[in-house]
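Listed below, chain by chain, are the residues.
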Amino acid sequence: DAKTTQPPSMDCAEGRAANLPCNHSTISGNEYVYWYRQIHSQGPQYIIHGLKNNETNEMASLIITEDRKSSTLILPHATLRDTAVYYCIVRDDPLNSGGSNYKLTFGKGTLLTVNP
Amino acid sequence: GAVVSQHPSWVICKSGTSVKIECRSLDFQATTMFWYRQFPKQSLMLMATSNEGSKATYEQGVEKDKFLINHASLTLSTLTVTSAHPEDSSFYICSATTSGRAHEQFFGPGTRLTVL
């Protein structure tokens, strides 16, 4: 799976949009971009994933550049409860073959601190 | 939907004893379950992948005789830390996938193990 690079930390004001960048310059054609977050002392939580097109759900939006070498997770109106470590993960399509494609490799992520 | 529970949420044990941690998918059948370990201020490290009714696949460097994984049903996996030592003290997190939502991995709340 391709490696990802994220800033170690970011700050955001409550109510503002939080834009979390991720570089994945070695991503290959079958690999998806996933975002998870982990609030302190809890298990991670799935946020969103995408392949080529921008995606939006009730939690966030995912913007993937045309060359797919980077992406941005957007939390449109950050709240204090969004303070967490956000992980950007690149992984092959889990439906491609076997159980190994379900594995997630977590990097160090970005600690997002939402300030009042 | 797609809730994963872990029991216990925390446990303290004496060095040399064994500890069993349960991971259950409450409202779905899990095709694959994963076990992670997370040390303070570090990222999650995958320990093993297990499918119901078959032997777990351990990541490199994880002792399969020390970390026993049993995946007896589509809703239950257990991790037994045998002959625990203080260096095994960590946050253990399980996750599960289901065939209908292959792109998402659902995480449990984690179990804090402290070995005295």
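Below, the structure is looked at part by part. (Residues numbered from 1 in each chain as written. Chains lettered and ligands numbered in written order. Predicted model: local features only at pLDDT ≥ 70, side-chain atom pairs only at ≥ 80, totals over all residues. Heavy atoms only, no water.)

### Focus: the overall build of chain B
Alright, step 1. Counting its secondary structure elements, chain B contains zero helices and 11 strands.
Alright, step 2. Each helix (α) and strand (β) of chain B, taken in turn from the N terminus, gives the series β-β-β-β-β-β-β-β-β-β-β.
Alright, step 3. When the backbone C-alpha atoms are referred to their principal axes, chain B occupies close to 40 × 25 × 20 Å.
Alright, step 4. Within chain B, the proportion of its 116 residues that are buried is 53%.
Alright, step 5. Looking at chain B alone, contacts between residues at least 24 apart form 54% of all its contacts between residues at least 6 apart.
Alright, step 6. Carbon and sulfur atoms make up 53% of the accessible area of chain B, which totals about 5,600 Å².
Alright, step 7. Considering chain B, the positive charge centre built from 10 side chains and the negative charge centre built from 9 side chains are found 5 Å apart. (Helix = DSSP H or I, 4+ residues; strand = E, 2+ residues; numbered from the N terminus. Buried < 20%, exposed > 50% of the residue type's maximum accessible area, 1.4 Å probe, protein only. Contact = heavy atoms within 4.5 Å. Areas by Shrake-Rupley, 256 points an atom, 1.4 Å probe, with all protein chains shown as cover. Lys, Arg positive; Asp, Glu negative; His and termini not counted. Charge placed at Lys NZ, Arg CZ, Asp CG, Glu CD.)

### A few points about the side chain of Thr82(B)
Residues and elements named next belong to chain B.
Alright, step 1. Note on placement: threonine 82 falls in the loop between β8 (76-81) and β9 (90-97).
Alright, step 2. On the accessibility criterion, threonine 82 (18% relative accessible area) is buried.
Alright, step 3. In terms of polar contacts, threonine 82 uses its side chain to reach the backbone carbonyl oxygen of aspartate 65, at 3.3 Å.
Alright, step 4. Discounting residues that sit within four places of it in the chain, threonine 82 has contacts with Thr17, Ser18, Asp65, Lys66 and Leu68. (Polar contact = N/O pair within 3.5 Å; in protein donor to acceptor, adjacent residues only side chain to side chain.)

### A short note on the interface of chain A and chain B
Alright, step 1. Facing 21 residues of chain A, the contacting portion of chain B comprises 20 residues.
Alright, step 2. Counting the surface chain A buries against chain B, the share from its top three residues, Tyr102(A), Lys103(A) and Phe106(A), is 32%.
Alright, step 3. Counting across the interface, chain A meets chain B through one salt bridge.
Alright, step 4. We note a salt bridge from Glu59(B) to Lys103(A), for which the minimum N-O separation is 3.1 Å.
Alright, step 5. Across the chain A-chain B interface, the total number found is five residue pairs in polar contact (both at pLDDT 80 or more).
Alright, step 6. Secondary-structure elements contributing two or more residues to the side of chain A that touches chain B are β3 (31-38), β4 (45-50) and β8 (84-92) of chain A.
Alright, step 7. Residues of the side of chain A that touches chain B, tallied by class, amount to 11 nonpolar, six polar and four charged. (Buried area = accessible area lost by both parts, 1.4 Å probe. Salt bridge = Lys/Arg side-chain N within 4 Å of Asp/Glu carboxyl O. Nonpolar A, V, L, I, M, F, W, Y, C, P; charged D, E, K, R; others polar.)

### Some thoughts on the sheet that holds strand β7 (residues 67-73) of chain B
All names here are of chain B.
Alright, step 1. The four strands are arranged β1-β3-β8-β7 in an open sheet whose pairing can be described as antiparallel. Edge positions in the open sheet fall to β1 (4-7) and β7, since each of these has one partner strand only. For this sheet, the mean angle separating the axes of adjacent strands, direction not counted, is 15°.
Alright, step 2. In this sheet, β8 lies alongside β7 in antiparallel orientation, the contact comprising five bridges. Bridged to isoleucine 69 within β8 is leucine 79. (Pairing = 2+ DSSP bridges. Axes fitted to C-alpha atoms, helices over the stretch in contact; angles between N-to-C directions.)

### With respect to the state of the cysteines
Alright, step 1. Tallying each qualifying case throughout the model produces two disulfides over all chains.
Alright, step 2. Put simply, Cys22(A) and Cys88(A) are joined by a disulfide, and their sulfur atoms are 2.1 Å apart. Its S-S torsion of about -80° marks the bond between Cys22(A) and Cys88(A) as left-handed, since a negative value means left-handed. Of this pair, Cys22(A) sits in strand β2 (residues 18-23) while Cys88(A) sits in strand β8, and the two are 66 residues apart along the sequence. Each member of the pair Cys22(A) and Cys88(A) is classed as buried.
Alright, step 3. With its sulfur 2.0 Å from that of its partner, Cys23(B) forms a disulfide with Cys94(B). Sign of the S-S torsion, about 80° for the bond between Cys23(B) and Cys94(B), identifies this disulfide as right-handed. Note that Cys23(B) is positioned in strand β3 (residues 19-25) and Cys94(B) in strand β9, a separation of 71 residues in sequence. Cys94(B) matches Cys23(B) in its accessibility class, with the two residues each being buried.
Alright, step 4. Free cysteine Cys12(A): the closest other cysteine sulfur is in Cys22(A), separated by 18 Å.
Alright, step 5. With a relative accessible area of 7%, Cys12(A) lands in the buried category. (Disulfide = S-S within 2.5 Å.)

### As for the side chain of His49(A)
Alright, step 1. Checked against the element boundaries, His49(A) lands in strand β4.
Alright, step 2. Owing to a relative accessible area of 19%, His49(A) belongs among the buried residues under this scheme.
Alright, step 3. Separated by 2.6 Å, the side chains of His49(A) and Tyr46(A) make a polar contact.
Alright, step 4. Excluding anything up to four places from it in sequence, His49(A) contacts Tyr32(A), Val33(A), Tyr34(A), Glu55(A), Leu62(A) and His103(B).

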